[in-house]
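Topology and contacts: notes
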Amino acid sequence: MLMPTGGGKSLCYQIPALAREGTGVVISPLIALMQDQVDALRALGVNAGFLNSTQNPDERRLTEAEFLEGRLDLLYLAPERLNLDSTRQLLDRGHVALFAIDEAHCVSQWGHDFRPDYLALSELHERWPDVPRIALTATATRATHAEISSRLGLDDALHHVASFDRPNIQYRIEPKNEPRKQLLQLLRGEHDGDAGIVYCLSRKSVEETAELLVRNGIDAVPYHAGLDSGTRERHQARFLREDGLVVVATIAFGMGIDKPDVRFVAHLDLPKSVEGYYQETGRAGRDGLPSTAWLAYGLQDVMQQRKMIQSSEGDQAHRRTLATHLDAMLALCETVECRRVQLLAYFGQDGEPCGNCDTCLAPPESWDGTVPAQKLLSTVVRLKRERNQKFGAGQIIDILRGKTTTKITQYRHDELSVFGVGSDLGDTEWRGVIRQLLAAGLLAVEGEYGTLVTTPASDEVLYQGRTVRLRTEPKRATRAAAAKDKKPASRAADLPDEAVPTFEHLRAWRSNTAKDQASPPT
Ligand code: ZN
């Protein structure tokens, strides 16, 4: 079952589990959410339980007894539990109605979220050949889909692939100029008082960004693996139960979180793969109301991720997989076509230009960047050939623009024949050229200092007449213009003005009632 977030995946095993005799066993890696999932089901009258490492022995024994007595409709299990002999024997002694393998993409070794514990799930059909199995995921390319099927022995199964389109999410990707300012503009200008998630790559930037938002009067909390589990749980619970809280998080946050009214997902750093990006942005707008997926990305992101891949552990094949993931993400960032069409194509589905993404709303202009590309590449080549030197983006741009800095004088780079040949473009434009050449594989980064080097494809531009089309760097802060007059979606854009107080009243009531019942306001 391939279905986007919010499409109703869980029902596909919950209802069969209720209808069949015995207990539906759900394999899920989302240990932190099992308690919430089970609570929500119990509130609906479904007898659900879970077994994972967060329980004490008494709680575990109680759940095991309920299972053996046939009193459980659903049992949630972490995959590492299933690998224990004791758990397997327990399942043998009870009555299993079905196995549901949630987040099934975790079994794919070449996917973006591989978990070794999932490999053992391939034994399910050998040990329990008569128990029906269903595998579910919200994110899989055709290749991942095929790998899930073969690893879990589901080649002959019925395959249901729903449309991955999330039409209410507006996808926007813009160059990172002043990220903090850009983020504040998005939150204040379009999402005042809305619940949302801001993703950052490092713990440090999570902390700093959360502080920045709080200083600017926005209700925000941090979430990352460096915080103690009590704080993390508290912040997650607040996010689920309160209105209008912003969580600033590393990607560790959000998997399986069921909050319908997340109005925006913002990325301050480039995600490592399209799968990851799609999964994270998919947490916005599960209620079907207008929502925003916003990403700011710049040259530094490309350099940093290329460097991380080079220094990553694992063999050549592993690095190649990472690079392929990154290339697809960069292609999405640099496209001049509809973002949605590109996203759907990545997951093997067709789409029409959507009218609800930045490239549709304000089609980017492109320009012939062949000559600047040649100037830049030949600077890199000359430094190597004439001086046996390699430099990062900053120095190369200074050479092209003919700036006399200390470092330029020190290395006598003002004596190079290319010195000043690119003075017609500004700093931002040149960074845009480098970023796009890196994204297109016409340039590469190397080593700890992120020095620029040419690739085999660079020769095609330098010597074989290959032309280079580049996106025009947008002027700052143009993007928000389109959304300026939009009412915040949380106030239900369709309501007449006189109905708004009643709506807000009801919303406050819902929020308080949810708090009293200690459950998310759904
Ligand atoms: Zn579009």
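Heads up: these notes are all about the structure in this document.

Conventions and cut-offs
Residues numbered from 1 in each chain as written. Predicted model: local features only at pLDDT ≥ 70, side-chain atom pairs only at ≥ 80, totals over all residues. Heavy atoms only, no water. Buried < 20%, exposed > 50% of the residue type's maximum accessible area, 1.4 Å probe, protein only. Helix = DSSP H or I, 4+ residues; strand = E, 2+ residues; numbered from the N terminus. Pairing = 2+ DSSP bridges. Polar contact = N/O pair within 3.5 Å; in protein donor to acceptor, adjacent residues only side chain to side chain. Donors = N, O, S within 2.8 Å, 3.2 Å for Na, K, Ca; no water. Tetrahedral: all angles 85-135°; square planar, octahedral: opposite > 155°, others 65-115°. Axes fitted to C-alpha atoms, helices over the stretch in contact; angles between N-to-C directions. Parallel < 35°, antiparallel > 145°, perpendicular 65-115°, else oblique. Contact = heavy atoms within 4.5 Å. Nonpolar A, V, L, I, M, F, W, Y, C, P; charged D, E, K, R; others polar. Phe/Tyr/Trp six-rings, centres within 6.5 Å; stacked < 30°, edge-to-face > 60°. Lys NZ or Arg CZ within 6 Å of the ring centre and 35° of its normal. Arc of directions from axis to C-beta.

Let us look at the pairing of strand 7 (residues 195-199). Across the five residues that make up strand 7, a large majority, five, are buried. Burial along strand 7 is two-sided: the face carrying Ala195, Ile197 and Tyr199 and the face carrying Gly196 and Val198 are both buried. Direction of pairing for strand 7 relative to strand 10 (residues 262-267): parallel, over a ladder of five bridges. Its bridge partner being in strand 10, Ile197 is matched across the sheet by Val265. In this structure, strand 7 lies alongside strand 9 (residues 246-249), joined through four bridges in parallel fashion. By the bridge assignment, Ile197 is partnered in strand 9 with Val247.

Moving on: the side chain of Arg172. Mapped onto the fold, Arg172 is located in strand 6 (residues 169-175). On the basis of relative accessibility, which here comes to 3%, the residue Arg172 falls in the buried class. Looking at Arg172, its side chain comes within polar contact range of the side chain of Gln170, at 2.8 Å.

Looking now at the coordination of the zinc ion. Coordination of the zinc ion by the protein involves Cys338 (SG), Cys354 (SG), Cys357 (SG) and Cys360 (SG), with metal-donor separations of 2.3 to 2.4 Å. Metal-centred angles of 102 to 119° between the four donor atoms at the zinc ion mark the site as tetrahedral.

Another aspect to go through is the packing of helix 16 (residues 370-387) against helix 19 (residues 427-439). A pair of packed helices is characterised by two quantities: the angle between their axes and the separation of those axes. Between helix 16 and helix 19, the shortest axis-to-axis distance is 11 Å and the interhelical angle comes to 80°. Taken together, the axes of helix 16 and helix 19 are roughly perpendicular relative to one another. Contacts between helix 16 and helix 19 involve Pro372, Ala373, Lys375 and Leu376 from the first element and Trp430, Ile434 and Leu437 from the second. Counted by class, the contact of helix 16 with helix 19 contains six nonpolar, no polar and one charged residues.

Next up on the list: the packing of aromatic side chains. Following the criterion strictly, the structure yields nine aromatic pairs and no others. Within the aromatic cluster, the residues linked to one another by ring pairs are Phe164, Tyr278, Tyr346 and Phe347. Across from the ring centre of Phe239, 5.4 Å away, lies the NZ or CZ of Lys259, which sits over that ring.

Looking now at helix 1 (residues 11-19). Within the span of helix 1, buried status applies to Tyr13, Gln14 and Ala17. Axial view of helix 1: buried residues confined to an arc of 105°, hence all on one face. Buried residues along helix 1 sit against strand 1 (23-27), helix 2 (31-43), strand 3 (74-77), strand 4 (96-101) and strand 5 (133-135).

The next point concerns the sheet that holds strand 7. Taken in spatial order, the six strands line up as 6-11-10-7-9-8 in an open sheet, and their pairing is parallel. Because the sheet does not close on itself, it has two edges, and the strands there are strand 6 and strand 8 (220-223). Neighbouring strand axes in the sheet, compared pairwise and without regard to direction, differ in orientation by 15° on average. Each of strand 7, strand 8 and strand 9 touches helix 9 (residues 203-215); the most contacted strand, strand 8, lies at about 175° to it. Sheet strands in contact with helix 13 (residues 316-334) are strand 6 and strand 11 (291-297), and its direction is about 105° off that of strand 11.

A few words on the sheet that holds strand 5. Sheet strands associate in pairs through backbone hydrogen bonding, adopting either a parallel or an antiparallel arrangement. Spatial ordering of the open sheet is given by 2-3-1-4-5, a layout of five strands whose pairing is parallel. Unpaired on one side and paired on the other, strand 2 (48-51) and strand 5 mark the two borders of the sheet. Each strand axis lies, on average, 20° off the axis of its neighbour in the sheet, ignoring direction. Note that strand 1 and strand 4 share five bridges and pair parallel.

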